[in-house]
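Residue strings, one per chain:
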Amino acid sequence: DTAVSQTPKYLVTQMGNDKSIKCEQNLGHDTMYWYKQDSKKFLKIMFSYNNKELIINETVPNRFSPKSPDKAHLNLHINSLELGDSAVYFCASSQEGWNSYNEQFFGPGTRLTVL
Amino acid sequence: AQKVTQAQTEISVVEKEDVTLDCVYETRDTTYYLFWYKQPPSGELVFLIRRNSFDEQNEISGRYSWNFQKSTSSFNFTITASQVVDSAVYFCALSERSGLTGGGNKLTFGTGTQLKVEL
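For clarity, every value in this text was computed on a predicted model and none was experimentally measured.

1. Notes on the overall build of chain A
Link 1 in the chain: Each helix and strand counted, chain A has zero helices and 11 strands in total.
Link 2 in the chain: The C-alpha atoms of chain A give 14 Å as radius of gyration, which agrees with the globular expectation for 115 residues (13 Å, within 12%).
Link 3 in the chain: Referenced to the eigenvectors of the C-alpha coordinate spread, the extents of chain A come out at roughly 40 × 30 × 30 Å.
Link 4 in the chain: By the burial criterion, 48% of the 115 residues in chain A qualify as buried.
Link 5 in the chain: Of the contacts made within chain A by residues no fewer than 6 positions apart, 54% connect residues no fewer than 24 positions apart.
Link 6 in the chain: Carbon and sulfur atoms make up 50% of the accessible area of chain A, which amounts to about 5600 Å² in all.
Link 7 in the chain: Treating the 12 positive side-chain charges of chain A as one cloud and the 12 negative ones as another, the clouds have centres 7 Å apart.

2. Some remarks on the layout of surface pockets
Link 1 in the chain: The volume enclosed by the largest pocket comes to roughly 360 Å³.
Link 2 in the chain: Lining the largest pocket we find 22 residues, and of these Lys41, Val88 and Arg111 of chain A together with Gln39 and Gly43 of chain B sit closest to its centre.
Link 3 in the chain: The greatest single-element share of the lining of the largest pocket, amounting to three residues, is contributed by strand E9 (residues 87-94) of chain A.
Link 4 in the chain: Its residues placed into classes, the lining of the largest pocket shows nine nonpolar, nine polar and four charged.
Link 5 in the chain: When its volume is computed, the second largest pocket comes out at roughly 200 Å³.
Link 6 in the chain: For the second largest pocket, the lining is made up of 13 residues, of which Lys36, Lys44, Ile45, Met46 and Thr59 of chain A are closest to its centre.
Link 7 in the chain: Sorting the residues of the lining of the second largest pocket by element identifies strand E4 (31-37) and strand E5 (43-50) of chain A as the ones contributing at least two each.
Link 8 in the chain: When residues of the lining of the second largest pocket are assigned to their parent elements, the largest contribution, three residues, is made by E5 of chain A.
Link 9 in the chain: Of the residues assigned to the lining of the second largest pocket, the class counts are six nonpolar, two polar and five charged.

3. Quick look at the packing of aromatic side chains
Link 1 in the chain: Under the defined criterion, the tally for this structure stands at 21 aromatic pairs over all chains.
Link 2 in the chain: Considering the side-chain rings of Tyr35 of chain A and Phe106 of chain A, the 5.4 Å spacing of their centres and the 50° angle between planes classify their relative orientation as tilted. Remark: Phe106 of chain A occurs in strand E10 (residues 105-106) and Tyr35 of chain A occurs in strand E4; sequence separation between them is 71 residues. Neither residue differs from the other here; Tyr35 of chain A and Phe106 of chain A are each classed as buried.
Link 3 in the chain: For the pair Phe64 of chain A and Tyr89 of chain A, a centre-to-centre distance of 6.3 Å together with 35° between the ring planes defines the contact as tilted. Of this pair, Phe64 of chain A sits in strand E7 (residues 64-70) while Tyr89 of chain A sits in strand E9, placing them 25 residues apart in sequence. Each member of the pair, Phe64 of chain A as well as Tyr89 of chain A, is classed as buried.
Link 4 in the chain: Pairwise contacts between aromatic rings join Tyr33, Tyr35, Phe90, Phe105 and Phe106 of chain A together with Phe35, Tyr37, Phe47, Phe91 and Phe109 of chain B into one cluster.

Conventions and cut-offs
- Every chain's residues receive numbers from 1 upward, in the order its sequence appears when written.
- Following the order in which they are written, the chains are lettered starting with A and the ligands numbered starting with 1.
- Given that the model is predicted, a residue must reach a pLDDT of at least 70 before its local features are reported, and side-chain atom pairs must reach 80 or more before they are shown or counted; all residues, however, enter totals for whole chains, interfaces and linings.
- To get the side-chain values, take all heavy atoms of the structure and skip hydrogens and water.
- Comment: elements are numbered from the N terminus, with helices defined as DSSP H or I runs of at least four residues and strands as E runs of at least two.
- In this setup the radius of gyration rests on C-alpha atoms only. A globule is expected at 2.2 Å times the number of residues raised to 0.38.
- Three exposure classes are used, based on accessible area relative to the maximum for each residue type with a 1.4 Å probe and protein chains only: buried under 20%, partly exposed in between, and exposed over 50%.
- In this description, contact between two residues means that some pair of their heavy atoms is separated by no more than 4.5 Å.
- Where accessible areas are quoted, they stem from the Shrake-Rupley method and a 1.4 Å probe; at the residue level, only the protein chains shown are allowed to cover.
- A positive count includes Lys and Arg, and a negative count includes Asp and Glu. His and the chain ends are not counted in either.
- By convention, the charge on Lys lies at NZ, on Arg at CZ, on Asp at CG and on Glu at CD.
- Residues are said to line a cavity or pocket when one of their atoms sits within 4 Å of a point; the points come from a 1 Å grid over protein atoms alone, cavities being sets where a 1.4 Å probe fits but cannot get out and pockets being open sets with protein on both sides within 12 Å along at least five of seven lines.
- Grid points are joined across faces, edges and corners, and a volume is the space filled by probe spheres set on the points.
- In this classification, Asp, Glu, Lys and Arg are treated as charged, Ala, Val, Leu, Ile, Met, Phe, Trp, Tyr, Cys and Pro as nonpolar, and every other residue, Gly included, as polar.
- Aromatic pairing here means that ring centres of Phe, Tyr or Trp (its six-membered ring) are within 6.5 Å. Orientation follows from the plane angle: under 30 degrees is stacked, over 60 is edge-to-face, and everything else is tilted.

Below is the structure:
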């Protein structure tokens, strides 16, 4: 009964390809996130959705497009992959309120390698 | 802009030693939350603690303790009697209200401290 799951765990692909990473949470949370962790372990937020609505969109290339079909899912599609996209991508979820800052629960990560 | 600084890149200790991981933050918000996460070699991110800006009481959970000092903008983490299983990268993070509609909760992470506990 995994709380936040991501597929695939590993993704190896060629430059220029398009790929997707899927994320699902069964915690009943209303907010989901995508973070990128680079080779130096630096974690940075990319996107956040609250009840299927985009609420955070950091400076991320247009080649990255999140999609939230429902509040339990947040997928990440990446077009025209570049070498610099190689990283570990983490999905996370939390239950948010206007005045609350609850902990985010993270998925296991997807290690993307672009060759 | 919010910022979290973890000045210690790597710390090595011998098992049973106590170790403190430093975290200093910057924010203009009056309401904010601080977090610590652990990332073991297996790669997942494990939530350890959440602390709000109005609660400066120290917290202890088993061998873990946290010292929040608003006056110095620090939220330090101490592991008592360290064990090999404590070896991991530890991240301090700061939550800010952000987003297009003001309802988002964005975590700003420090660069992490790699803790190595040896026998």
